[in-house]
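For reference, the chains in residue letters:
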Amino acid sequence: MRSDFCEFSQERDDLPVILAEVEKCAVYNSLNNKQRLRLRLMAEELVCMLPELMKDCNGIFWLENTGMEYELHVQATIPYKDHGSRGKLLALSTSGKNAAAYGMMGKVRAATEAMISYLITPDVPLIVPADSMHFAATAYYTYEWSLADYINRVKQKEKEESWDELERSIVANLARDVVVGIKGKQVDIVVKINFNA
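Here we summarise the structure given alongside this text. (Residues numbered from 1 in each chain as written. Predicted model: local features only at pLDDT ≥ 70, side-chain atom pairs only at ≥ 80, totals over all residues. Heavy atoms only, no water.)

### Digging into unusual backbone geometry
Here is step 1 of the chain: The phi dihedral of serine 30 falls on the positive side, at around 55 degrees, and the residue is not glycine.
Here is step 2 of the chain: Tracing the sequence through the fold places serine 30 in the loop between helix H1 (15-28) and helix H2 (33-54). (Helix = DSSP H or I, 4+ residues; strand = E, 2+ residues; numbered from the N terminus.)

Okay, structure coming up:
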């Protein structure tokens, strides 16, 4: 099942519509209260970062599921209107402002902003916003950051501070994975939730 598409941009205030669409899908799929709450929390975490993206992007949100496997999708595209946003994003990615991306959604936001900057200036190498961030080329994405990959790297390094952050994270505890990737001229964010797990 796929939900309706919800558009977002600077000109549209559709964030409440996104949460309403998530609620509608939860009811339609007869999720129990715990599952509904979990889906709603993940949607809220994702929606909280959209206002920052909306300063420079337009996009769409949708939810889809196969059985008890759910995915929250955001597809962001950059309207190439002016060079002001280009300069602003370049300044953001090179200033070190994202070097300390706190929390899991902070890391998702940092990965997204780095990829948007790259799309605006593809002749400039992708700037990795922090040591904890790792971007890889995959069969599906030009560059990809994955929460599951980040968790595996933290486990391998056994960094106590990073492990504590993971244990406290709503996102890391509720999502099976969060993927941020560049596909063509857009940045995708996919939050994956498995209610069978």
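### What about the nonpolar core?
Here is step 1 of the chain: Residues Leu39, Leu46, Leu50, Leu72, Trp145 and Ile189 are the most contacted members of the largest nonpolar core, which totals 57 residues.
Here is step 2 of the chain: Element by element, the count of residues in this core is highest for helix H4 (residues 104-120), at eleven residues.
Here is step 3 of the chain: Residue contacts for leucine 50: discarding those within four places in its chain leaves Phe8, Leu15, Ile18 and Val74. (Core = buried A, V, L, I, M, F, W, Y, C linked by side-chain atoms within 4.5 Å. Buried < 20%, exposed > 50% of the residue type's maximum accessible area, 1.4 Å probe, protein only. Contact = heavy atoms within 4.5 Å.)

### Focus: the pattern of salt bridges
Here is step 1 of the chain: Applying the stated criterion across every chain, the model contains eight salt bridges.
Here is step 2 of the chain: Between glutamate 21 and lysine 24 there is a salt bridge, and its shortest N-O distance comes to 3.3 Å. Of this pair, glutamate 21 and lysine 24 are both found in helix H1, three residues apart, which corresponds to roughly one turn of the helix.
Here is step 3 of the chain: Given a relative accessible area of 8%, glutamate 21 falls into the buried group.
Here is step 4 of the chain: In this structure, the salt-bridge partner of arginine 40 is glutamate 44, at a minimum N-O distance of 2.7 Å. In this pair, arginine 40 and glutamate 44 are both assigned in helix H2, four residues apart and thus about one turn of the helix distant.
Here is step 5 of the chain: With relative accessibility at 24%, the residue arginine 40 sits in the partly exposed group.
Here is step 6 of the chain: Taking the relative accessible area as the measure of exposure, glutamate 44 reaches 28% and is therefore partly exposed. (Salt bridge = Lys/Arg side-chain N within 4 Å of Asp/Glu carboxyl O.)

By themselves, these observations are geometric and do not establish any function.
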